[in-house]
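Observations on chain architecture
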Protein chains: 2
Amino acid sequence: MAATIKDIAKKTGLGLATISSYLNGGNVREKNRIKIEEAIEELHFEVNEVARGLKTNKTKIIGIIIPELNNIFCAEIITEVEDQLRSQGYATMICDCRTDERREEEAVEFLLHRRVDGLIIMPSGRQGKYLNRFTKAGKPVVVIDRKLDGVDCDSVLVDNEGAARDAVGRLLKAGHRKIGMIAGPKDIYTAQERYRGYCLALKEAGIEPEARFAAWGDYTIEGGASAMKELVTRNSDMTAIFVSNYEMTMGAIIEINELGIRIPDELSFIGFDNVEFAKASIPKLSIVTQPTEEIARHVAALMLKRLEESGDTDGHQAVKLKTSFVEGKSV
Amino acid sequence: MAATIKDIAKKTGLGLATISSYLNGGNVREKNRIKIEEAIEELHFEVNEVARGLKTNKTKIIGIIIPELNNIFCAEIITEVEDQLRSQGYATMICDCRTDERREEEAVEFLLHRRVDGLIIMPSGRQGKYLNRFTKAGKPVVVIDRKLDGVDCDSVLVDNEGAARDAVGRLLKAGHRKIGMIAGPKDIYTAQERYRGYCLALKEAGIEPEARFAAWGDYTIEGGASAMKELVTRNSDMTAIFVSNYEMTMGAIIEINELGIRIPDELSFIGFDNVEFAKASIPKLSIVTQPTEEIARHVAALMLKRLEESGDTDGHQAVKLKTSFVEGKSV
DNA sequence: TTGAAAGCGCTAACAC
DNA sequence: GTGTTAGCGCTTTCAA
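Thresholds, definitions, all that
Residues numbered from 1 in each chain as written. Chains lettered and ligands numbered in written order. Predicted model: local features only at pLDDT ≥ 70, side-chain atom pairs only at ≥ 80, totals over all residues. Heavy atoms only, no water. Helix = DSSP H or I, 4+ residues; strand = E, 2+ residues; numbered from the N terminus. Polar contact = N/O pair within 3.5 Å; in protein donor to acceptor, adjacent residues only side chain to side chain. Contact = heavy atoms within 4.5 Å. Near = heavy atom within 4 Å. Core = buried A, V, L, I, M, F, W, Y, C linked by side-chain atoms within 4.5 Å. Buried < 20%, exposed > 50% of the residue type's maximum accessible area, 1.4 Å probe, protein only. Phe/Tyr/Trp six-rings, centres within 6.5 Å; stacked < 30°, edge-to-face > 60°. Lys NZ or Arg CZ within 6 Å of the ring centre and 35° of its normal. Domains from an automatic or database assignment. Pairing = 2+ DSSP bridges. Right-handed = clockwise from strand over helix to strand, strands pointing away.

Attention shifts here to the side chain of Ser330 of chain A. Residue and element names in this part refer to chain A. Along the chain, Ser330 falls in the segment after strand S12 (324-326). Separated by 2.9 Å, the side chain of Ser330 and the backbone nitrogen of Ser286 make a polar contact. Those residues in contact with Ser330 that sit more than four places away from it in its chain are Ile263, Pro264, Leu267, Ser268, Phe269, Pro283, Lys284, Leu285 and Ser286.

In structure tokens:
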């Protein structure tokens, strides 16, 4: 099979240490360097990262656990994170857990066995105890988009409350008073925050949030559609709606389409994420967008930094990023 | 750090081979089994897959190379493939190459060093020589959605020509004669096939395809939008259009929206992939959809099969799957 | 069934 | 600078 450094040593007549030194950027006599390079070329030698990993106790692999790869928000972040990490020589091992906490724990186990050097996770639940197996092993954990109870790690968050507050504020400014919201699952951190922002904006305008105006979806297209239907059926007086994630935005639009409701004449609409979809809708949707690339860069940078430090657990960081608002014609 | 089988051996007073045998499902005396299990429990022992990989020369990792993770067609397939493989104990290492052939070669190199057991790839180019380093090492390669020149591997394809032919046939049946097509990059296999299907349908209806009715996009949203603009500007007599991938479908719709063209009154439209988007559009779009889940299952099954065979290169397979058509109100 | 021992390919002391 | 050597944690003969 593949050549090893032993073969190179034999071929060049040099010792193992010299080859290893060359491979790791050490100093090697010019003459030998050439010999080594020739031998590598000739034998098609390639470092065996597995053996290296065993020896150094570093795999140069980062585990990534996400609720759903097939979700544009996740995909955008992961794409960028993977890119950043790979450019630094780190491979990524992605586990899609289908928003299932049990699978998530299994994935942690799985990655632990694989001896990944660090873990990046966008958790489904709130509890993070099972992550402590990582932190205890001195391996860095970076959490995306959620706050986790009981784990010692860095996190990169988005100002969800502010985003929702701002969006609902815009509806209020446009004169709306009966504003509905399609919220996410009650047990998900971002969903809670966005709902809080919605309530906050209403209260600031002197309006008491009414339960009938809130529907709790599940961050899926189907959930968005049925929540939309529920709200419309229940509240004939509702004049505007704020939908709090991309999948549900799409679902809501599908349902609105289905019901023949006209935007913005009969209902004003503010959605979430995915500029392209917003532009493709008729009329163009006004939406809140999250800075996925920025999130990804922060995540990768944090991970890389922790990896370098190797052990110095100086206080963990929690970065919080701002969302943007893209104006359409749906309000 | 983590416990090793040596620790277990010491603790139980047994030999290494016994522990290893237990770990790999071998026969161990009941009494010893219990002792081992207790020790494992107590010491929090976990198999080190890296060491195992070095010894067995199998990493139980499958490399996946794709043009763009942030592309729903890819994401859907990868999600399912990853799921299937993980359920069989295989981890996946995903490399997103941003549709860049140079990056793709780098990724192959990268994964080769990592000693992945197999490779699943959706290539950007047509040439696959650089994949031979895998096949020569006796490692299975499965290609998705493209036909590659000069590589010995399995592939899972979609009947693109038939799909396009069918779609255009529907437009013809609806009475259209001046039908435009937004095709993909000329050097991509699927794009060529879809274009061929378009031409075929026209010819079958006695119409000679005209160059002015074809715009060559690049499978991106922006590309779809500008191709749309180009076609509309160039052909005032065009009454229908067929767009040949999801991103361009979205781009085309954005542009149509921008230009204020009404569907289907002024222009009939058939798009590609992503049922949800099609449903969310006004009017609902008629689209061709690819069986992503089925593709993924075939890919995973083929890979797993090859992995088991370990070396018997009995003739390689090329599975070809059918697309579906989802009727909307855009024709 | 179990134990001893060798070795997978590499790195890292250490001595020269 | 370079060679020698020991081992990372595991599997796998081979004997017992």
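Still to come is the rest of the account.
Time to look at the protein's contact with DNA strand D. The environment of DNA strand D is made up of 26 residues, and the closest members are Gly15, Thr18 and Asn32 of chain A together with Ile5 and Arg52 of chain B. For DNA strand D, the fraction of protein-proximal atoms (within 4 Å) that sit in sugar or phosphate groups is 68%. Within the contact set of DNA strand D, a phosphate oxygen lies 2.4 Å away from a backbone nitrogen or oxygen of Gly15 of chain A. At 2.5 Å from a phosphate oxygen of DNA strand D is found a side-chain nitrogen or oxygen belonging to Arg52 of chain B. Elements with a minimum of two residues in the surface near DNA strand D: helix H2 (16-23) and helix H4 (49-56) of chain A together with helix H1 (5-12), helix H2 (16-23) and helix H4 (49-56) of chain B. Here the element with the most residues in the surface near DNA strand D is H4 of chain B; it accounts for 4 residues.

As a further point, take unusual backbone geometry. The step from Ile282 of chain A to Pro283 of chain A runs through a cis peptide bond, and the omega angle for that step is -10 degrees. When you line up the elements, Pro283 of chain A lands in the loop between helix H12 (275-280) and strand S10 (286-289). Between Ile263 of chain B and Pro264 of chain B the backbone carries a cis peptide bond, its omega angle lying at 0 degrees. By the secondary structure assignment, Pro264 of chain B is in the loop between helix H11 (246-259) and strand S9 (268-272).

This paragraph deals with the nonpolar core. Of all hydrophobic cores here, the largest spans 98 residues; its most connected members are Phe242 of chain A together with Phe242 of chain B. Setting aside residues no more than four positions away along its own chain, Phe242 of chain A makes contact with Ala164, Ala167, Val168, Leu171, Gly180, Met181, Ile182, Ile270, Gly271, Phe272 and Val288 of chain A. Counting residues in each nonpolar core, the second largest holds 56 residues, with Met122 of chain A together with Ile62, Ile94 and Val299 of chain B among its members.

With the rule as written, the count across this model stands at 9 aromatic pairs over all chains. Here the aromatic rings of Tyr195 of chain A and Trp216 of chain A are separated by 4.8 Å at their centres, their planes lie at 55 degrees, and the arrangement is tilted. Here Tyr195 of chain A is found in helix H9 (residues 189-204), whereas its partner Trp216 of chain A is found in strand S7 (residues 214-216), with 21 residues between them in sequence. Of the aromatic side chains, those joined through ring pairs into one cluster are Tyr246 and Phe277 of chain A together with Tyr246 and Phe277 of chain B. For Lys60 of chain B, the ring lying beneath its charged end belongs to Tyr90 of chain B, and the centroid distance is 4.6 Å.

Moving on: the domain arrangement of chain A. Domain parsing of chain A yields domain 1 (5-47), domain 2 (59-156 + 292-317) and domain 3 (160-289). Computed from C-alpha coordinates alone, the two centres of domain 1 of chain A and domain 3 of chain A are separated by 63 Å.

Moving on, we get to the pairing of S9 of chain B. All names here are of chain B. Most of S9 is tucked away, with 5 of its 5 residues classed as buried. Because side chains alternate across S9, one face comprises the buried residues Ser268, Ile270 and Phe272, and the other comprises Phe269 and Gly271, equally buried. Relative to S9, strand S8 (residues 240-243) runs parallel, the two being bridged by 3 bridges. From the neighbouring strand, Phe242 faces S9, where its bridge partner is Ile270. Where the polypeptide runs from S8 across H11 and back to S9, its parallel neighbour, the crossover connection is right-handed. Two strands pair when backbone bridges link them, and S9 and strand S10 (residues 286-289) are joined in this way by 3 bridges, in the parallel orientation. In the sheet register, Phe272 faces S10, and the bridge partner there is Val288. Taking the sense of rotation as the criterion, the β-α-β connection linking S9, helix H12 (residues 275-280) and S10 turns out right-handed.

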